[in-house]
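# Observations on the three-dimensional arrangement
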Amino acid sequence: MRGLLAVALVLTGCATTSSAQLSERERAQVLVQRGDAKSAVPILEELHAQSRHDFALARALAEAHVKAGSADALLARLQGNDTAISHY
C-alpha cells in the first residue's frame, strides 16, 4: 500500500511540474525582473502588435525599452502615432 502511495505522489509531482509553464507575457516580465530587458523587448513587441489597446502591456513594453536602453527608438517610432497608448 505504501509503495502505491509513493508512486501516486511521484506521478502527481511530475504532472504539476510539467504543466507549470509561463505565458509569453510572464516570461517577458521575468526577463525584465532578472535584468535581461533586451531579451524581453521582442517578446513584448510581438504581444503589443497583437493587442495594441492593452495599457498594461504598453507600460511593460515601455519599461523594457527603458531598461534595455532603447527608449529613444521607441519614442521615435511613436512620434507620429497619436493614440492614447502613445501618450502613455
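Let us look at the structure shown here. (Residues numbered from 1 in each chain as written. Predicted model: local features only at pLDDT ≥ 70, side-chain atom pairs only at ≥ 80, totals over all residues. Heavy atoms only, no water.)

Structurally, the position occupied by H65 is in helix α4 (residues 55–68). The class for H65 is buried, based on a relative accessible area of 5%. Only 2.6 Å separates the side chain of H65 from the side chain of S70, close enough to count as a polar contact. Discounting residues that sit within four places of it in the chain, H65 has contacts with V41, E45, S70, A71 and L74. (Helix = DSSP H or I, 4+ residues; strand = E, 2+ residues; numbered from the N terminus. Buried < 20%, exposed > 50% of the residue type's maximum accessible area, 1.4 Å probe, protein only. Polar contact = N/O pair within 3.5 Å; in protein donor to acceptor, adjacent residues only side chain to side chain. Contact = heavy atoms within 4.5 Å.)

Examined against the element boundaries, D54 turns out to sit in the loop between α3 (37–50) and α4. D54 gets classed as buried once you look at its relative accessible area, which sits at 19%. Of note is the side chain of D54, whose polar atom sits 2.9 Å from the side chain of R25. A polar atom in the side chain of D54 sits 3.1 Å from the backbone nitrogen of A56.

This part takes up the nonpolar core. One finds A28, V32, A40, I43, L44, L47 and A64 to be the most contacted residues of the largest nonpolar core, which totals 13 residues. Elements represented by at least two residues in this core include exactly α2 (24–33), α3 and α4. A per-element tally of this core places α3 first, with six residues. (Core = buried A, V, L, I, M, F, W, Y, C linked by side-chain atoms within 4.5 Å.)

Bringing α3 into the picture now. Taking 1.5 Å per residue, 14 residues should reach 20 Å; α3 reaches 20 Å between its end C-alpha atoms and fits that length. When α3 is considered as a whole, its buried residues turn out to be A37, A40, V41, I43, L44, L47 and H48. (Expected span 1.5 Å × (residues − 1).)

Attention shifts here to the pattern of salt bridges. If you walk through the whole model with that rule in mind, you get five salt bridges. As a salt-bridge pair, R77 and E45 come within 3.0 Å of each other at their nearest N and O atoms. Here R77, found in helix α5 (residues 71–78), pairs with E45, found in helix α3; they are 32 residues apart in sequence, far enough to count as distant. In this structure, the salt-bridge partner of E63 is R59, at a minimum N-O distance of 3.0 Å. You can see E63 and its partner R59 sitting in helix α4, four residues apart, about one turn around the helix. Overlapping salt bridges, with partners in common, bring together R59, E63 and K67 in one network. (Salt bridge = Lys/Arg side-chain N within 4 Å of Asp/Glu carboxyl O.)

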